[in-house]
Amino acid sequence: MEIEEVYSRQQLDEAEGRQINELIARSQRIIPDPDGWLDEELKRNILVTSVDAVLDWARRTSLWPVFCFPACCAFEFMTTAASRFDISRFGMEIVRASPRQGDLMITAGTLTWKMAPQVKRIYDQMAEPKWVIAMGACAISGGIFRSSYSVVPGYNRIIPIDVYVPGCPPRPEALRYGIRMLHKKISKTSITRGVR
Ligand code: SF4
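Read on for a plain summary of the structure. Everything numeric here is computed off the predicted structure, so don't read it as measured data.

Some remarks on the pairing of strand 2 (residues 104-108)
- Judged by how many residues are buried, strand 2 sits mostly within the fold: five of five residues are covered.
- A two-sided burial pattern is seen for strand 2, the buried positions comprising Leu104, Ile106 and Ala108 on one face and Met105 and Thr107 on the other.
- As judged from the two bridges shared by strand 1 (residues 65-66) and strand 2, these two strands associate in the parallel manner. Residue pairing across strands places Val66 opposite Met105, the latter belonging to strand 2.
- Traced from strand 1 through helix 4 (residues 73-81) to strand 2, the parallel crossover comes out left-handed.
- Looking at chain direction, strand 2 and strand 3 (residues 131-135) are connected through five bridges and run parallel. When the sheet's bridge partners are listed, Met105 is paired in strand 3 with Val132.
- Assessed by its sense of winding, the connection that carries the chain from strand 2 through helix 5 (residues 116-125) to strand 3 is right-handed.

Quick word on unusual backbone geometry
- Cis peptide bonds are those with omega within 30 degrees of zero, and the linkage from Glu128 to Pro129 qualifies with -5°.
- Among the structural elements, Pro129 can be located in the loop between helix 5 and strand 3.
- Of note, the bond from Cys168 into Pro169 is cis; its omega dihedral lies within 30 degrees of zero at -10°.
- Positionally, Pro169 belongs in the loop between strand 4 (163-165) and helix 7 (172-187).
- Positive phi values are uncommon outside glycine, yet Asp86 reaches one of about 55°.

Quick look at the site of the ligand
- Every residue close to the ligand is listed here: Ala71, Cys72, Cys73, Gly109, Ala137, Cys138, Gly167, Cys168 and Pro169.
- When grouped by side-chain class, the residues that make up the shell around the ligand number seven nonpolar, two polar and no charged.

Describing a nonpolar patch on the surface
- A cluster of nonpolar side chains, contributed by Trp37, Leu38, Leu42, Ile46 and Val48, occupies part of the molecular surface with about 540 Å² of accessible area.
- Tracing the backbone through its elements, the reader meets Leu38 in helix 2 (residues 36-45).
- Since its relative accessible area comes to 34%, Leu38 is described here as partly exposed.

As for the nonpolar core
- With 18 residues, the main nonpolar core has Leu104, Ile133, Leu175 and Leu182 as its most contacted residues.
- Of all elements in the fold, only helix 4, strand 2, strand 3, strand 4 and helix 7 reach the threshold of two or more residues within this core.
- Broken down by element, the residue count for this core peaks at four residues, all from helix 7.
- Once you skip the residues sitting within four places of it in the chain, Ile133 turns out to touch Leu104, Met105, Ile106, Thr107, Val163, Val165, Leu175, Gly178, Ile179 and Leu182.
- One finds Cys68, Tyr123, Val132 and Tyr155 within the second-largest nonpolar core, a separate group that totals 16 residues.

Considering the packing of helix 3 (residues 51-60) against helix 7
- At a closest axis distance of 9 Å, the pairing of helix 3 and helix 7 adopts a crossing angle of 155°. Relative to helix 7, the element helix 3 is oriented roughly antiparallel. The chirality of how helix 3 crosses helix 7 is right-handed. In this structure, helix 3 uses Asp56, Arg59 and Arg60 to contact helix 7, whose residues at the interface are His183, Ile186 and Ser187.
- Across the contact of helix 3 with helix 7, the residue classes break down as one nonpolar, two polar and three charged.

What counts and how
- Residues numbered from 1 in each chain as written.
- Predicted model: local features only at pLDDT ≥ 70, side-chain atom pairs only at ≥ 80, totals over all residues.
- Heavy atoms only, no water.
- Buried < 20%, exposed > 50% of the residue type's maximum accessible area, 1.4 Å probe, protein only.
- Helix = DSSP H or I, 4+ residues; strand = E, 2+ residues; numbered from the N terminus.
- Pairing = 2+ DSSP bridges.
- Right-handed = clockwise from strand over helix to strand, strands pointing away.
- Near = heavy atom within 4 Å.
- Nonpolar A, V, L, I, M, F, W, Y, C, P; charged D, E, K, R; others polar.
- Patch = residues over 30% accessible without salt bridge, like charges linked within 9 Å, V, L, I, M, F, W, Y side chains within 5 Å.
- Areas by Shrake-Rupley, 256 points an atom, 1.4 Å probe, with all protein chains shown as cover.
- Salt bridge = Lys/Arg side-chain N within 4 Å of Asp/Glu carboxyl O.
- Core = buried A, V, L, I, M, F, W, Y, C linked by side-chain atoms within 4.5 Å.
- Contact = heavy atoms within 4.5 Å.
- Axes fitted to C-alpha atoms, helices over the stretch in contact; angles between N-to-C directions.
- Parallel < 35°, antiparallel > 145°, perpendicular 65-115°, else oblique.
- Left-handed = near helix turned anticlockwise from the far one by under 90°.

Following this line, the structure appears as structure tokens:
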């Protein structure tokens, strides 16, 4: 005996047709993306950058100078650090007495050969990465004492120099410009490839 069909083919087709018509009616309006709010949140809260850019930004905005001021250019550095020129805006107000806590040596003044080993030792004790600014004619080339038997004709004879700031002495504006140039140099550093 055949089993009686509960639904005829026609009834099934009609039911399916109704379902499709309902879907078509509802599809006139696009269903909003339930995660749409995320786009706005991402735009407001997420900054996409590279590790290099973040590290360079952190390094250049928190340079801590180390004392190395054997002569008169030191006074111009003191002026640069004081309120009028205010290097604290560059995150540099903490001048360290210990080389282990500093990453920028500003060499300001005449260096004698007798003092040279101490300066080299201070440089060696600074943590990497580290930078050096040669401030003034004496630091760059020995200045007016260049031909003296006892004077080092430029700090670059004993340690690498990143930025030279000429003058006798350089004014605070010049030192500030040198610091900005160093910032630019630091911005081009890559942790994997050195200087870009
Ligand atoms: S450059 Fe001029 S101001 Fe600076 S340490 Fe030499 S002599 Fe002094």
